[in-house]
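Reading the structure
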Number of protein chains: 4
Amino acid sequence: MTPQPAPPWQTSAWLNTDRPLSLEQLRGRVVLLHAFQMLCPGCVAQALPQAARVVQLFAGTPLAVVGLHTVFEHHAAMGPESLRAFVHEYGIRWPVGIDMPGADGGAIPRTMQAYAMQGTPTTVLIDALGRLRLQAFGHVEDLRLGAEIGVLLDEARRSPVAAGASEVPAASGA
Amino acid sequence: MTPQPAPPWQTSAWLNTDRPLSLEQLRGRVVLLHAFQMLCPGCVAQALPQAARVVQLFAGTPLAVVGLHTVFEHHAAMGPESLRAFVHEYGIRWPVGIDMPGADGGAIPRTMQAYAMQGTPTTVLIDALGRLRLQAFGHVEDLRLGAEIGVLLDEARRSPVAAGASEVPAASGA
Amino acid sequence: MTPQPAPPWQTSAWLNTDRPLSLEQLRGRVVLLHAFQMLCPGCVAQALPQAARVVQLFAGTPLAVVGLHTVFEHHAAMGPESLRAFVHEYGIRWPVGIDMPGADGGAIPRTMQAYAMQGTPTTVLIDALGRLRLQAFGHVEDLRLGAEIGVLLDEARRSPVAAGASEVPAASGA
Amino acid sequence: MTPQPAPPWQTSAWLNTDRPLSLEQLRGRVVLLHAFQMLCPGCVAQALPQAARVVQLFAGTPLAVVGLHTVFEHHAAMGPESLRAFVHEYGIRWPVGIDMPGADGGAIPRTMQAYAMQGTPTTVLIDALGRLRLQAFGHVEDLRLGAEIGVLLDEARRSPVAAGASEVPAASGA
């Protein structure tokens, strides 16, 4: 089965980055996109600490960790100002995009819909060519996530993509 | 040293109870009051799961578990509607009071000030006579909290307080 | 129901104490007796770390923590020399008695039989008067164990037993 | 730097396998060799549960998990009969070799010496060509171990080694 291009991200704002991120900009890098909601217990207890571990372990490699705030419930409690407080309190330093509200006032935001995510947390891996390689709802074991990332990084090393990979803003925090 | 009466609670609203709770109503019961903020990582990771364990373990005893939302930062992100979503998502079933905003627009809410709490989480134990017996900032080990509760429950059993202890609303969830 | 006297301990040797311990010697103290086997996974993962937490938290109180090695299977793998290596590697500093092998070569050692223990780990609480107050097979939550210990220590403080409680060897490690 | 061949294993006995395992037999497979001692707390708390997670996650892949009992202290407490009881109690189902005692009665066993291991636990990864690719003393994070295994499995898939990889005994338990 041939991997398909990952759908583009539709966002209304970004935290922890000077300019919006896009898949095109990140071409040449492996991308771990973790979709979460700030009031989702499984996201807070497992997915966010895991993202922080990934940021730390793979620092210095062509891996970008990107959060996506995909709010599909309790919208009033999880607006941009609340998210900003959350990101501050939890010490999240990597870029976080806010998924664009659904068309016609639908509850499901647009990127979440485009990826057909079932809920939060959802873990997405995109290879250096911009193709969707893993999408999983719920907790993904560290061992498995590590194995998937390892293979994609190895692919990226063996077939480097020339186009300006070094020009993107630093997408993995300290 | 003689234990002093616990300061009264000053609240603006309550969740998970039909009517506001007060120390007078709870006379005859040991009270575990846990002060928290919904965006405080230590509260979410440790203090709230501990409160849930206490509710479960001491069900059927004259112990009341009561939450107090003592917001002293990021006020806009932790208003009543946000708290309601949080309480729903985290499955909190015991009564939670919202500490009354500080006088003259001060950041520290009133009950938090009256108890001179240093931050969140803060764990407070009040005996069946309404006296303050323990106040601790930060995580309290389960063993220690259990020991303190055990002693206060034993005191309450040995010297029951007559006044209407059975008329208060059930303050310990399922 | 009136608590009954705890059965006497029948041991073949002791570690971490100059002379054998007995219930008589410990009269005036609350005793946490934890029965374990060095190759029992639940003992190693939960009961022993819990005993260490109890030793640390209740240092300075009239509580004695005592281990009892109740080997009822794999006898050849858990003899005294093996136990000594285990106690060293796991940093166990409190007294540990070796339960005396069963009469007529039976697999179940004698103290284990006298207490009718179902397996390991088993947690036993004995009050300052030498009476059996709790016996539980399997993991006991820290909150519950703390509550039980708290009550027994409070009893001991309210009705001190005169007889030589201070003469026993220190039974709680650093 | 070119990876070097992993030193051969020198063992005195094996558990959980009908016949001794050797690196030659396992050619064509990635090998996770974890060196441990049954009375080493870090091995019991972290390395063995991790090995069990690897066995489960990578079932169906050309990965072999192999334990090596490298006893360098408390020899009398960790002989073959003790190890057999330990393996039974901890539910270890993958092959475990017993490292051959050191020449001239030295404390360090022979394979441990040949690999110049610093202690236990030690994690070793050997690629499908029998070359040493990772050796780490102490705990290795699941994310990192997963990444290393992922790359070696991917290499093995891209350049399969013909020689009889399917003839070796099943080395990954259920």
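We now turn to the structure provided with this report. As the structure is a computational prediction, the values presented were derived from the model and not from experiment. (Residues numbered from 1 in each chain as written. Chains lettered and ligands numbered in written order. Predicted model: local features only at pLDDT ≥ 70, side-chain atom pairs only at ≥ 80, totals over all residues. Heavy atoms only, no water.)

**With respect to the relation of the copies chain A and chain B**
One copy of the chain maps onto the second through a rotation around an axis plus a translation along that axis. As a reminder, the rule being used: The atoms used to superpose the copies are C-alpha atoms, taken from residues with pLDDT of at least 70 in both, and the fit is least squares. Residue contacts follow a heavy-atom distance rule, with two residues in contact if any of their heavy atoms lie within 4.5 Å.
With an RMSD of 0.0 Å, the operation that places chain A on chain B is a rotation of 180 degrees combined with a shift of 0.0 Å along the axis. Such a combination of turn and shift is consistent with a two-fold rotation axis. Residue by residue, 100% of the interface of chain A is reproduced at the interface of chain B, so both copies engage with the same surface.

**So, the relation of the copies chain D and chain C**
Each copy of the sequence occupies a distinct position, and chain D is placed on chain C by a rotation of 180 degrees and an axial shift of 0.0 Å, giving an RMSD of 0.0 Å. Here 100% of the interface residues in chain D have copies in chain C that are interface residues too; the copies meet face to matching face.

**Structural notes on the interface of chain D and chain C**
Rules: When a carboxyl oxygen of Asp or Glu lies within 4 Å of a side-chain nitrogen of Lys or Arg, that pair is called a salt bridge. Pairs of N or O atoms are called polar contacts if they sit within 3.5 Å, as long as, within protein, a hydrogen donor faces a hydrogen acceptor (for residues adjacent in sequence, only side-chain-to-side-chain pairs). The numbering of helices and of strands both runs from the N terminus, where a helix is a DSSP run of H or I of at least 4 residues and a strand a run of E of at least 2.
Of the residues lining the interface, 16 residues belong to chain D; the matching set on chain C comes to 16 residues. For the pair chain D and chain C, the interface holds zero salt bridges. Across the chain D-chain C interface, the total number found is two residue pairs in polar contact (both at pLDDT 80 or more). When contributions to the side of chain D that touches chain C are tallied by element, the ones reaching two or more residues are helix H2 (41–57) and helix H3 (80–89) of chain D. No other element matches the six residues that H3(D) contributes to the side of chain D that touches chain C.

**Things to note about helix H4 (residues 142–158) of chain C**
Residues and elements named next belong to chain C. Heads up, the condition is: Given a helix with a known number of residues, its expected span is that number minus one, times 1.5 Å. With a 1.4 Å probe rolled over the protein chains alone, any residue whose accessible area is under 20% of its type maximum counts as buried; one over 50% counts as exposed, and the rest are partly exposed.
Under the 1.5 Å per step criterion, the end-to-end length of H4 is 24 Å for 17 residues, consistent within 8% with the ideal 24 Å. With 12 of 17 residues buried, H4 is to be regarded as a mostly interior element. Within H4, burial applies to Asp142, Leu143, Leu145, Gly146, Ala147, Ile149, Gly150, Val151, Leu152, Leu153, Asp154 and Ala156.

**Description of the interface of chain A and chain B**
Where we set the bar: Two parts placed together each lose some accessible area under a 1.4 Å probe, and the buried area is that loss summed for both.
Between chain A and chain B, the residue contacts involve 16 residues of the former and 16 residues of the latter. Summed over both partners, the interface of chain A with chain B comes to about 1300 Å²; 66% of that surface belongs to carbon and sulfur atoms. Sorting the residues of chain A by area buried against chain B places Leu39(A), Glu89(A) and Tyr90(A) first, and these three jointly supply 38% of that buried surface. Counting every contact that joins chain A to chain B gives two residue pairs in polar contact (both at pLDDT 80 or more). For the side of chain A that touches chain B, the secondary-structure elements that each account for two or more residues are helix H2 (41–57) and helix H3 (80–89) of chain A.

**Focus: the arrangement of the chains**
As for chain C relative to chain A, no contact occurs, and the smallest C-alpha gap between them is 22 Å. Across all C-alpha pairs, the smallest distance from chain B to chain D is 22 Å, and the two are not in contact.

**Looking at the pattern of salt bridges**
Residue and element names in this part refer to chain A. Within this structure, the stated rule accounts for 32 salt bridges over all chains. With a shortest N-O distance of 3.8 Å, Arg144 and Glu148 are connected by a salt bridge. A residue pair is termed a helical-turn pair when its members lie 3 or 4 positions apart in one helix, as Arg144 and Glu148 do in helix H5 (residues 142–158) at four residues. The exposure class assigned to Arg144 is partly exposed, which follows from its relative accessible area of 32%.

Bear in mind that shape data such as this cannot, by itself, settle questions of function.
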